[in-house]
Amino acid sequence: MTRKDLMKHLGSMQQVAYIRPVTLEEGRSRGTKAYELKNGCMTCQILADKCLDVSGLSYKGINMNFLSKPGLQGQGHYDTNGEEAIRSIMGGFFFTAGLENICAPCRVEGTDYPMHGRIRTTPGEHLSADAYWEDDRYCLKVSGEMREAALFGENMVLRRAISTVYGEKSFTVTDEIENESFREETLMLLYHINLGFPFLDENMRLYIPTGSVTARDPESKGHEEEYDRMDPPKDLEPEYVFIHELQTDSEGNTEVLAVNEPLGLGLKISYNTKFLPYFMEWKSTASGDYVIGLEPANSSVYGRMFHEADHSVHKLAPFGKEKNVLTFTILDGEEEMKDALQAFQNAYGRK
């Protein structure tokens, strides 16, 4: 439909698509700045005060993300205080882990590195939101930058843009990370994508182009064959974490599918592995902590201490830059899911 044809049906484009700045006003989220993004039947919540992470994703009123027991919240004094961070990790559709640590809290050579790092609670600066026409495409975009820095220490900048086009059931996250210091700096980065009920239930299946699956720990060992399916909730069930060796095309592109056929809803995650060579899966069937996490990363799930020990910590040169682009596409109905699964099978030879 052309711009003129569409606008014949509307009083304002805000009937069908908009970006609205909002301020949250309850509990631990009180005062948090955010954006509400609506594109047709797809709705996202983007937290301006927390790294422009996407806290919520729904389609046709169906929630697709996990939200942990602490609930929606802004910044807290315990955000980066060792293991206390689990009281502020709310999940959401995705949060950004890094930039000096992506996993468990640790202490290396007298320096403390908090759980999942500091960037996930860093507020955005130079924020911008716009909705505009490009020929017959109605574009919506939120952007800003987050800085992780210290006196006599690092000076890392994450510039993020989240964009979508009306009529498309997808949005793209474009990140540029730059080292603005005069020394080489550690860069650890993990996109913690969290799927939750009702999109996530025992009917959902994962399609990961994995060449091999490795259990992270003894609790996960023996469960590798069930990595692609979800069980009903179980009281006091431990979490499982799996490390996948992903297949890609000749240019390093790959994709992961999550499909719930009875619900008629799926999700495709597409990205390039050049700067994200690792992929982990977090699976928790525990009652009340029911979630699957899909985790493209540039470092291993074993964390900073592991990489320090074998001298494999990823570094970024002074004023060096890296760019990641992740696209999230919703699959609506049997036909779209069938086409996506067929394309997946053709590309990776996996059912």
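What counts, and where the lines are drawn
Residues numbered from 1 in each chain as written. Predicted model: local features only at pLDDT ≥ 70, side-chain atom pairs only at ≥ 80, totals over all residues. Heavy atoms only, no water. Pairing = 2+ DSSP bridges. Helix = DSSP H or I, 4+ residues; strand = E, 2+ residues; numbered from the N terminus. Axes fitted to C-alpha atoms, helices over the stretch in contact; angles between N-to-C directions. Contact = heavy atoms within 4.5 Å. Disulfide = S-S within 2.5 Å. Buried < 20%, exposed > 50% of the residue type's maximum accessible area, 1.4 Å probe, protein only. Phe/Tyr/Trp six-rings, centres within 6.5 Å; stacked < 30°, edge-to-face > 60°. 1 Å grid on protein atoms, 1.4 Å probe; cavity = no way out; pocket = protein on both sides within 12 Å on 5 of 7 lines; lining within 4 Å. Points joined across faces, edges and corners; volume = space filled by probe spheres on them. Salt bridge = Lys/Arg side-chain N within 4 Å of Asp/Glu carboxyl O.

Caption draft 1: The arrangement of the sheet that holds strand S13 (residues 155-165) in detail. Across the sheet, eight strands lie side by side as S11-S12-S13-S14-S25-S21-S20-S17; this open sheet has antiparallel pairing. Strand pairing shows two members of the sheet lacking a second neighbour, strand S11 (125-134) and strand S17 (204-207), which therefore form its edges. With strand direction ignored, the average angle separating the axes of adjacent strands in the sheet is 15 degrees. Examined bridge by bridge, strand S12 (residues 137-149) and S13 share eleven bridges and lie antiparallel to one another. Within S13, the residue paired with Leu-140 across the bridge is Thr-164. Across the sheet, helix H3 (residues 333-348) touches S17, strand S20 (253-260), strand S21 (265-272) and strand S25 (321-332), and the angle it forms with S20 is around 140 degrees.

Caption draft 2: How the structure looks around the state of the cysteines. Evaluation of the coordinates by the stated rule reveals zero disulfides. Distance from the sulfur of Cys-41, which forms no disulfide, to the nearest cysteine sulfur (Cys-44) is 13 Å. Since its relative accessible area comes to 40%, Cys-41 is described here as partly exposed. Residue Cys-51 stays outside any disulfide, its sulfur separated by 16 Å from that of Cys-44, the closest cysteine.

Caption draft 3: The arrangement of the packing of aromatic side chains in detail. For the structure on display, the rule yields eleven aromatic pairs. Judged by centre distance (6.4 Å) and plane angle (85 degrees), the rings of Phe-66 and Trp-282 are edge-to-face. Of this pair, Phe-66 sits in strand S6 (residues 66-67) while Trp-282 sits in strand S22 (residues 278-286), placing them 216 residues apart in sequence. The same class applies to Phe-66 and to Trp-282, which are both buried. Look at Phe-93 and Phe-94: their rings are 6.4 Å apart centre to centre, the planes differ by 65 degrees, and that puts the pair in the edge-to-face class. Each of the two residues, Phe-93 as well as Phe-94, counts as buried. Through a chain of ring-to-ring contacts, three or more aromatic side chains come together here, namely Phe-93, Phe-94, Phe-171, Tyr-191 and Phe-328.

Caption draft 4: Inspection of the pairing of strand S8 (residues 94-99) at higher detail. Within S8, six of the six residues are buried, which leaves it mostly tucked inside the rest of the structure. Across six bridges, S8 lies against strand S16 (residues 188-195) in antiparallel orientation. Within S16, the position partnered with Thr-96 by the bridge is Tyr-191.

Caption draft 5: Spatial organisation of empty space enclosed by the protein. Per the stated rule, a full pass over the model turns up one cavity of 30 Å³ or more. The calculated volume of the largest cavity comes to roughly 100 Å³. At the level of elements, strand S4 (53-59), strand S7 (91-92) and S8 are the ones that each hand at least two residues to the lining of the largest cavity. No other element matches S4, which puts three residues into the lining of the largest cavity.

Caption draft 6: Just the pattern of salt bridges, in detail. Taken as a whole and assessed by the stated rule, the structure comprises 21 salt bridges. Of the charged contacts, one joins Arg-216 and Glu-239 as a salt bridge, the two residues approaching to 3.4 Å between their closest N and O atoms. Of this pair, Arg-216 sits in the loop between strand S18 (210-215) and strand S19 (240-246) while Glu-239 sits in the loop between S18 and S19; the two residues are 23 residues apart in sequence, bridging distant segments of the chain. Looking at Arg-216, the relative accessible area reads 27%, which means it is partly exposed. Overall, Glu-239 belongs to the partly exposed group, its relative accessible area being 37%. In this structure, the salt-bridge partner of Lys-234 is Asp-231, at a minimum N-O distance of 3.5 Å. Judged by relative accessible area, Lys-234 falls into the partly exposed class, the value being 34%.

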